[in-house]
Amino acid sequence: MSNQVEEMQNEVAPSVAEQATANTPILEVHNLKKYFPVESNFFGKPTRYLRAVDDVSFTLQRGKTIGIVGESGCGKTTMGRSILKLHDITGGQILFDGEDITKYTRSQMRPFRKRMQIIFQDPYSSLSPRLNIGEIIGEAVKVHNIVPASKHKEYVREIMQKCGLQSHFYDRYPHEFSGGQRQRICIARAIALQPELIICDEPVSALDVSIQAQIINLLKDMQKEMNIAYVFISHDLSVVEHISDEIAVMYLGNMVEKGPKTNIFANPLHPYTQALFSAIPNPDPRVKMHRQILRGDIPSPSNPPSGCKFHTRCEKCMEICKTQVPVSREVEPEHFVACHLYNDAKGNADE
Amino acid sequence: MAENKHVHRISAKELRATAKQNIKITKRYEKLKKRKYIPESEYVTEMKDSNNVLEIENLHTYFFTDVGTVKAVNSVSFNIPQGATVGIVGESGCGKSVTSLSVMGLVQGPTGQVVDGEIRFKSEVLKTDEKGKYIPVYELDENGEKIVLSEKINKRTGEKIVTYKQKQDETGGYIFEKESKVYNLVRAPRSELAKIRGREIAMIFQEPMTSLNPVFTIGQQLDEVYLLHNPGVSKEGAKARTYDMLKLVGIIPENVYTRYPHELSGGMRQRVVIAMALMCNPRLIIGDEPTTALDVTIQAQILELLRDIKTKINGSIMLITHDLGVIAEMADFVVVMYAGRVIETGTAMEIFCNPLHPYTIGLQKSKPVVNQNKERLYSIPGNVPNPIEMPTHCYFKDRCDRACEKCSGEYPAYVQVSPTHTVACYLYQDQKKEGADV
């Protein structure tokens, strides 16, 4: 992609080598790419790709939360799974606690598995119906030898209590629980390994409003207690705003805007972010919003538009947008945006 | 920790007994429904207020399952005025979808039955003569006489049969005489319901993928609705109507008419479903979570579309959702439901600016709002009670932080706080007395 990102990368890389201390960010993602082949020629060599994640970079500090927002099909989930290396990665680099895990094999990944966990969107399909709750939560604890075997059961009960599950649920099966409680089980399963990083892939979007609040509070409590870093993927902007320290907005596999929460919400720069934020329904009938309604649908990621991928729906589309891919620029401190509208802003800053 | 009391294991014997009983009960209801001739006096009624399109009174819809009777809708009453949008909010399982299915007569039988109550709907139906035939409207010439198309003589009886030119609308549909009737949809026979469904009341379902047929093209499916409800319409006429409706919902008709549902995106599919609902100019549109499966940007498009259309066709909308933001934006009146009962009704202003029931207040507090920094979200403790074996006291009592002694008593009656605002809670029982004194 751009020189700028490479520069950034060069800057970061030596510093990692120098100080592998507690200051090292728990997760660094550089130019992450994940392409899925959609068409292949006679010899089985792929000829066309679906660019699910295309050049995504961010850094996450310990105990912090980065919120990833975007419409469905923009590659949020693929990105989350790629970070855990549940997919093979097409390009880019993932540094976990300063260590490059991009090329690691399955067995090499094993010690890292207990340090990074995931909570899935659908609590109905992500729990095995044949295991009871104790086994679901305790299985990985046993495999990774988190506690001695004699204290195993005690430990699982303790974790369950922490997540608001009564300890007599130990012998029950997932089908006996409501959606909110199942999500608690998923959280307990992730937390039982004392991870440093949890990818939360839309953990609350399948739940009711009142249950949503319970789960969000639980996630926040756990973060405070165990200093866990979250990558919080969601399409619900109000939830992301509540839980995150930093927010990244994705569109068709690209990260269009990234910055601290307060900056992004107070001053959204990218036209897509602006439209996305103005589309949030406000639960106050007195406020009449000035809506920027986007026309059309999100284009197919297997055949994305040229230049800026958003130009087909953008109100402020210029000629340059149709041909040139915009580069991510730091418009405000820590606030990056990839849009041609702010080409000058960077120039001014340099001068 | 003490063992959970709520867990009630059911023995196989008990299961069999309830199953047997259920069959008895449901058979009785099914028999009533399946009668061939249902006298009109049984289902034609009068509206209480002529401004309303739909009046639901004391509706009870139960599901007779083997583990017990689920009272999905338990004494629900509310009205939908002409040209207004009524929003129904509540958590999943509170009976909002079942209410809408009861209106449409689509509750899954034989387990699900509308046990009691009335749903009155003002409907414009085609008038029939004694023989059950529609009465046509004829086109008249300058002298006010019917235009003769052809004359025939019946050879056997020697009778003269004259056919006159019937009035047609722009799509070629024949016009018949209409009359206004109020139906009680709960008791109406299936044949009558089939005439109302899709023509007078249209429904938009939550998942556009499952409500479109995957083996027919969009055009075929839309045409069918129009052909079915408008006798005499030609295929070209139906196609023209389909094109109009697709344009109305913001789709270029040429692009989708011959396509199959799987070729469209979620937002497009939902537009198609909305177009289908609008085909016959319905007087009431029921939207059962029409935007829940969609992204925020597409949701904004669809909501704007619904608002536009409502003014264009002057219909009413019954909007079911769990998203308070959507309700605040769309609805004129709000009905809050909890565990099968209506707990609070009022105008959107009253519900959002002056919520009274502790559940409504909790629901609003627990939703994170953008640009409102809160360290912790308020969360309503506990869960919705088990729908089987509902308590006799207020269903919300165990989760309520303002519960008092009275709450353990009977289910609270409705308190009229203002002409449009009612709430079912003991906290406001005294207020009513004060109000009455003044």
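Look a little higher up for the structure.
My aim in this report is to walk through the structure given alongside it, one point at a time. Residue positions are given per chain, counted from 1 along the sequence in the order it is written. To read the labels, note that chains go from A and ligands from 1, taken in the order they are written. Confidence filtering applies because this is a predicted model: local features only for residues at pLDDT of at least 70, side-chain atom pairs given and counted only at 80 or more, and all residues used for totals across whole chains, interfaces and linings. Only hydrogens and water are removed before side-chain values are computed, so all heavy atoms of the structure are retained for them.

**Focus on the overall build of chain B**
For chain B, the helix and strand inventory stands at 13 helices and 15 strands. Once the C-alpha set of chain B is aligned to its principal axes, its extents read approximately 90 × 55 × 55 Å. Per-residue accessibility, obtained with a 1.4 Å probe over protein chains only, is compared with the maximum for each type, and a residue is labelled buried under 20%, exposed over 50%, and partly exposed between these values. Looking at chain B residue by residue over its 438 residues, the buried ones come to 49%. The long-range fraction of contacts in chain B, counting pairs at least 24 apart against all pairs at least 6 apart in sequence, stands at 68%. Entry remark: accessible area of chain B is about 22,300 Å², with carbon and sulfur atoms responsible for 51%. Helix and strand labels come from DSSP, where a helix needs a run of H or I of at least four residues and a strand needs a run of E of at least two; each type is numbered from the N terminus. By definition in these notes, contact holds between two residues if any of their heavy atoms fall within 4.5 Å. The accessible surface values rely on the Shrake-Rupley method and a 1.4 Å probe; as for residues, cover is taken only from the protein chains in view.

**Considerations on the interface of chain A and chain B**
With 45 residues of chain A in contact, the opposing surface of chain B contributes 50 residues. Accessible area, probed at 1.4 Å, shrinks when two parts are joined; the buried area is that loss added up over both. Of the roughly 4,000 Å² buried where chain A meets chain B, counting both sides, 52% is carbon and sulfur surface. Among the residues of chain A in contact with chain B, V209(A), P283(A) and P285(A) are the three that bury the most area, contributing 14% of the side total. Counting of polar contacts relies on pairs of N or O atoms within 3.5 Å, with two restrictions inside protein: one atom must be capable of donating a hydrogen and the other of accepting it, and residues adjacent in sequence are counted only when both atoms are side-chain atoms. Remark: the boundary between chain A and chain B carries seven residue pairs in polar contact (both at pLDDT 80 or more). Among the elements of the structure, α7 (209-226), α8 (237-243) and α9 (261-266) of chain A are those that each provide at least two residues to the side of chain A that touches chain B. The biggest single contributor to the side of chain A that touches chain B is α7(A), with 10 residues. Of the residues in the side of chain A that touches chain B, the class split is 15 nonpolar, 14 polar and 16 charged. Residues are grouped as follows: Ala, Val, Leu, Ile, Met, Phe, Trp, Tyr, Cys and Pro are nonpolar; Asp, Glu, Lys and Arg are charged; every other residue, Gly included, is polar.

**What about the pattern of salt bridges?**
Salt bridge criterion: a side-chain nitrogen from Lys or Arg within 4 Å of a carboxyl oxygen from Asp or Glu. Under the defined criterion, the tally for this structure stands at 31 salt bridges over all chains. A salt bridge links R313(A) to E71(A); the shortest N-O distance between them is 3.2 Å. Of this pair, R313(A) sits in the loop between α10 (271-278) and α11 (319-323) while E71(A) sits in the loop between β3 (65-69) and α2 (76-83), and the two are 242 residues apart along the sequence. Here R313(A) and E71(A) have matching classes, each one buried. Taken together, the salt bridges that share partners define one network made up of K48(B), E55(B), E57(B), E118(B) and R120(B).

**Observations concerning the sheet that holds strand β5 (residues 99-100) of chain A**
All names here are of chain A. Two strands pair if DSSP finds at least two bridges between them. With respect to topology, four strands assemble into an open sheet ordered β2-β1-β4-β5, the strand pairing being antiparallel. Here the strands that pair on one side only, and so sit at the sheet edges, are β2 (46-60) and β5. Strand direction decides the pairing type here: strand β4 (residues 91-96) and β5, joined by two bridges, are antiparallel. Counterpart to F96 in the pairing with β5 is E99.

**A few points about helix α4 (residues 133-143) of chain A**
Residues and elements named next belong to chain A. Turning to α4, its buried residues number three or more, namely I133, G134, I136, I137, G138 and V141. The secondary structure elements touched by the buried residues of α4 are α5 (152-162) and α6 (179-191). After α4 finishes, the residue N145 shows a positive phi value of roughly 50°.

**Quick look at helix α6 (residues 235-248) of chain B**
All names here are of chain B. Given a rise of 1.5 Å per residue, 14 residues ought to cover 20 Å, and the 20 Å separating the end C-alpha atoms of α6 matches this to within 8%. Residues of α6 that are buried: G237, A238, R241, T242, Y243, M245 and L246. Where α6 is buried, its residues meet α5 (218-229), α7 (253-256) and α8 (266-278). Directly beyond the C-terminal end of α6, a positive phi value near 85° is found at G250. One less than the residue count of a helix, multiplied by 1.5 Å, gives the span that helix is expected to have.

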